[in-house]
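Listed here are the chains, written in short residue letters.
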Amino acid sequence: MTTHTTTDATTDMTTYATTYTARPIDPAVLKDLRTADDADRPMVPFTDEEGGAPLRCCLRRSEPGERIALVSYAPLRRWATGTGVDPGAYDEQGPVFIHADDCPGPDLHGQPFPGAHRTVRRYSAEGHILGGRLVENTDAFDEAFDEAFADPEVALVHVRAVEYGCFLYEVRRV
């Protein structure tokens, strides 16, 4: 979740509004992915000895000893199926880490996976890419989301890791 603070200069009044929520992979989709991923491969769980894997089910890094899996996930395809559109060539799938078993989901306080460069990739209601923006620090997410959703054509954004291009989480219009 991102909290915006604004001050009206004419009234000197400060307001706070929570407007953006990081969306983990939906629990129903996780159930599917634990059977067969979006590349139609069975899940192969393993014990994460080191920890630190970015878990898309609960939007946190794994702890040493947790049972996780690396699965193929097509976030735009999943969204498009639910909205009845065809993302065409923008449909891509890639690797994501999830818990191998059910988990309680995310604690939606703060920005998931802070401390690294990210891209905020914008998509239209038709599932077509509309551009993106590099976000170099956690403080810049508010501005990147504001900028993205100021465009009425933007239906949702994907936050992705710069180093591998992997999907991290989705943010939709409020």
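Rules and cut-offs
- Residues numbered from 1 in each chain as written.
- Predicted model: local features only at pLDDT ≥ 70, side-chain atom pairs only at ≥ 80, totals over all residues.
- Heavy atoms only, no water.
- Helix = DSSP H or I, 4+ residues; strand = E, 2+ residues; numbered from the N terminus.
- Buried < 20%, exposed > 50% of the residue type's maximum accessible area, 1.4 Å probe, protein only.
- Areas by Shrake-Rupley, 256 points an atom, 1.4 Å probe, with all protein chains shown as cover.
- Polar contact = N/O pair within 3.5 Å; in protein donor to acceptor, adjacent residues only side chain to side chain.
- Phe/Tyr/Trp six-rings, centres within 6.5 Å; stacked < 30°, edge-to-face > 60°.
- Contact = heavy atoms within 4.5 Å.
- Pairing = 2+ DSSP bridges.

Of the regular secondary structure elements, the protein holds 3 helices and 11 strands. Helices (α) and strands (β) of the protein occur, in sequence order from the N terminus, as β-β-α-β-β-β-β-α-β-β-β-α-β-β. Relative to its 174 residues, the protein shows a buried fraction of 39%. Counting every atom, the protein has about 9400 Å² of accessible surface; 51% of that belongs to carbon and sulfur.

Time to look at the side chain of R118. Mapped onto the fold, R118 is located in strand β8 (residues 118–124). Residue R118 is classed as buried on the basis of its relative accessible area of 3%. A polar side-chain atom of R118 sits 3.0 Å from the main-chain carbonyl oxygen of F113.

Next up on the list: the packing of aromatic side chains. Geometrically, a pair of aromatic rings is defined through the distance of the ring centres and the angle of the planes. The final tally for this structure, using the stated rule, is 4 aromatic pairs. Ring geometry for Y20 against F145: centres 5.3 Å apart, planes inclined by 50 degrees, an arrangement best described as tilted. With a gap of 125 residues between them, Y20 in strand β2 (residues 13–20) and F145 in helix α3 (residues 141–150) connect regions that are remote in the sequence. Taken as a pair, Y20 and F145 share a single burial class, namely buried. Both rings, one in F141 and one in F145, keep their centres 5.6 Å apart while their planes meet at 40 degrees; by these two values the pair is tilted. Note that F141 and F145 are positioned in helix α3 at a spacing of 4 residues, about one turn of the helix. You'll find F141 and F145 in the same group, each marked buried. Chaining the aromatic ring pairs together yields one cluster made of Y20, F141, F145 and F149.

Another point: unusual backbone geometry. Phi is positive for D40, which is not a glycine, with a value near 65 degrees. Phi at F113 takes a positive value of approximately 50 degrees, unusual for a residue other than glycine. You can see F113 is positioned in the loop between β7 (94–99) and β8.

This paragraph deals with the environment of R118. Sequence-wise, R118 and E163 are 45 residues apart; in three dimensions their C-alpha atoms are separated by 8.4 Å. With residues up to four places along the chain from it excluded, the contact list for R118 reads R61, F113, R133, L134, V135, F141, V159, R160, A161, V162, E163 and L168.

The subject of this paragraph is the pairing of β8. Of all 7 residues making up β8, 5 are buried, and the element is well covered by its neighbours. Two elements, β8 and strand β9 (residues 129–135), share 6 bridges in a ladder whose sense is antiparallel. Residue pairing across strands places Y123 opposite I129, the latter belonging to β9. Adjacent in sequence and paired antiparallel, β8 and β9 are bridged by 4 residues, among which G127 carries a positive phi angle near 85 degrees. Pairing of β8 with strand β10 (residues 154–161) involves 7 bridges; the strand directions are antiparallel. Paired with R122 across the bridge in β10 is V157.

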